[in-house]
Amino acid sequence: MSRPTVLRVPPLSPQLHDAVGEQYDALDLPAEGRPAFLAEHGAEVVAIVCTNGGQVDAGVINALPNLRVIANHGVGYDNIDVPAALARGIAVSNTPGVLDDAVADTALALLLAVRRRVVVADLFVRAGEWQRGEFPLTTEVSRSRVGILGLGRIGRAIATRLEAFGCTVSYHSRHEVPGVPYAYAASAAELAASVDNLVAVVPGGASTAALVDREVLDALGPTGVLVNVARGSVVDQDALVAALVEGRLGGAGLDVFAAEPEVPAALADLDNVVLLPHVGSATHETRAAMRALTLDNLASWLDTGTLLTPIPEMSEMSERAGG
Ligand code: NDP
């Protein structure tokens, strides 16, 4: 019996790449010569597996006349042209929930690393400078005021951790979250003005583009620290670099950037920033769980026509269709 053909959109981890190949007839979207490849093979493809580094734009979607499902390995899916997919009735899944702890841990690691100057202190020891004098004092995370931009699944996991540090947590999302013990701020700028540290963890895409702009950075100010574990697009990166270089912002811990893997050279010259290569969810445990959920979504859709974790826009669409 023939197996469904799944298009693997790079980059995928070797484990996910191989698992798809074991279960399905797999094709790999090439980096070069895509139009010719899609013209030759497009009609075979019924499913796509992708992750946030791989763009699934309208050009790809519309070159696949029999595409029925896109299974994204990641909770953020700003790499997919969702309106183009939904317009064709193509189902889209993501991997919510299974990565909350890893990303929250990463946010705390960045905040602690910037505030306690962990990376700079490590270099100080390695360079033998300890023999010449003491390391300068740093600033505590414990009992500080922390604003969370996006109190969703990961934002809540960050807030829980901060509670254990005795921090005062407040937040901004478009909607106030009922039943949480954290103060709500009506805007990102209002939130930034009232905290020592701001953690961005909203989705990427057009609605959050440059949500952290110069006004927000200036509200955070020369003693404030920004942590971004959301998407590079959420922060106006030029404004961020300028604020750091000019000393208008106290520091930054960044897991994500505007044009990954490019990182502005000016950031590498600053010792009040900590830079990570988009590793928020990159643990053995979490990546195994994300991989399993991606494959389970794909199998579920192909077997039964239902997804385990459809993206929210799919339920909104079926609610509208149902009146
Ligand atoms: P959720 O959907 O659970 O939470 C998102 C939160 O953002 C909600 O509180 C939502 O509230 C808020 N939000 C959405 N749009 C806006 C807006 N325009 N202005 C203000 N707030 C907004 O998502 P998760 O917590 O699961 O994930 C959040 C994001 O974290 C992902 O989309 C992804 O981009 C990023 N991420 C990064 C990783 C990394 O490796 N660094 C790994 C995993 C995720 P409301 O709707 O009320 O506005």
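**Side note on the site of the ligand**
Consideration 1: Taken together, 27 residues lie around the ligand, and Arg-153, Ile-154, Arg-174, His-175 and Asp-255 are the ones closest in.
Consideration 2: Within the backbone of Gly-280, an N or O atom sits 3.3 Å from an oxygen atom of the ligand.
Consideration 3: Considering only residue class, the shell around the ligand consists of 12 nonpolar, 11 polar and four charged.

**Some details on the sheet that holds strand S5 (residues 91–93)**
Consideration 1: The sheet built from five strands is open, its strands ordered S2-S1-S3-S4-S5 with parallel pairing. In the strand order of this sheet, the two ends are held by strand S2 (25–28) and S5, each with one partner. Geometrically, the sheet is characterised by an average inter-axis angle of 20 degrees between neighbouring strands, direction not taken into account.
Consideration 2: As paired elements, strand S1 (residues 5–8) and strand S3 (residues 45–51) share four bridges and run parallel to each other. Across the sheet, the residue bridging to Leu-7 is Ile-48, located in S3.
Consideration 3: Docked against the sheet, helix H1 (residues 14–23) engages S1, S2, S3 and strand S4 (69–73), running at close to 165 degrees with respect to S1.
Consideration 4: Against the sheet, helix H12 (residues 284–304) contacts S1, S3, S4 and S5, and its axis sits at roughly 170 degrees relative to S4.

**Thoughts on the packing of aromatic side chains**
Consideration 1: Throughout the structure, instances matching the rule amount to two aromatic pairs.
Consideration 2: A centroid spacing of 5.1 Å and a plane angle of 70 degrees characterise the contact between Phe-124 and Phe-135, whose relative ring orientation is edge-to-face. With Phe-124 in helix H6 (residues 118–126) and Phe-135 in the loop between H6 and strand S6 (145–149), the pair connects residues that are 11 residues apart, well separated along the chain.
Consideration 3: In this structure Phe-124 comes out as buried when scored by relative accessible area, which is 12%.
Consideration 4: A relative accessible area of 23% means that Phe-135 is categorised as partly exposed.

Each value, and the rule that gives it
- Residues numbered from 1 in each chain as written.
- Predicted model: local features only at pLDDT ≥ 70, side-chain atom pairs only at ≥ 80, totals over all residues.
- Heavy atoms only, no water.
- Near = heavy atom within 4 Å.
- Polar contact = N/O pair within 3.5 Å; in protein donor to acceptor, adjacent residues only side chain to side chain.
- Nonpolar A, V, L, I, M, F, W, Y, C, P; charged D, E, K, R; others polar.
- Pairing = 2+ DSSP bridges.
- Helix = DSSP H or I, 4+ residues; strand = E, 2+ residues; numbered from the N terminus.
- Axes fitted to C-alpha atoms, helices over the stretch in contact; angles between N-to-C directions.
- Contact = heavy atoms within 4.5 Å.
- Phe/Tyr/Trp six-rings, centres within 6.5 Å; stacked < 30°, edge-to-face > 60°.
- Buried < 20%, exposed > 50% of the residue type's maximum accessible area, 1.4 Å probe, protein only.

Take it as geometry only, folks, not as evidence of what the structure does.
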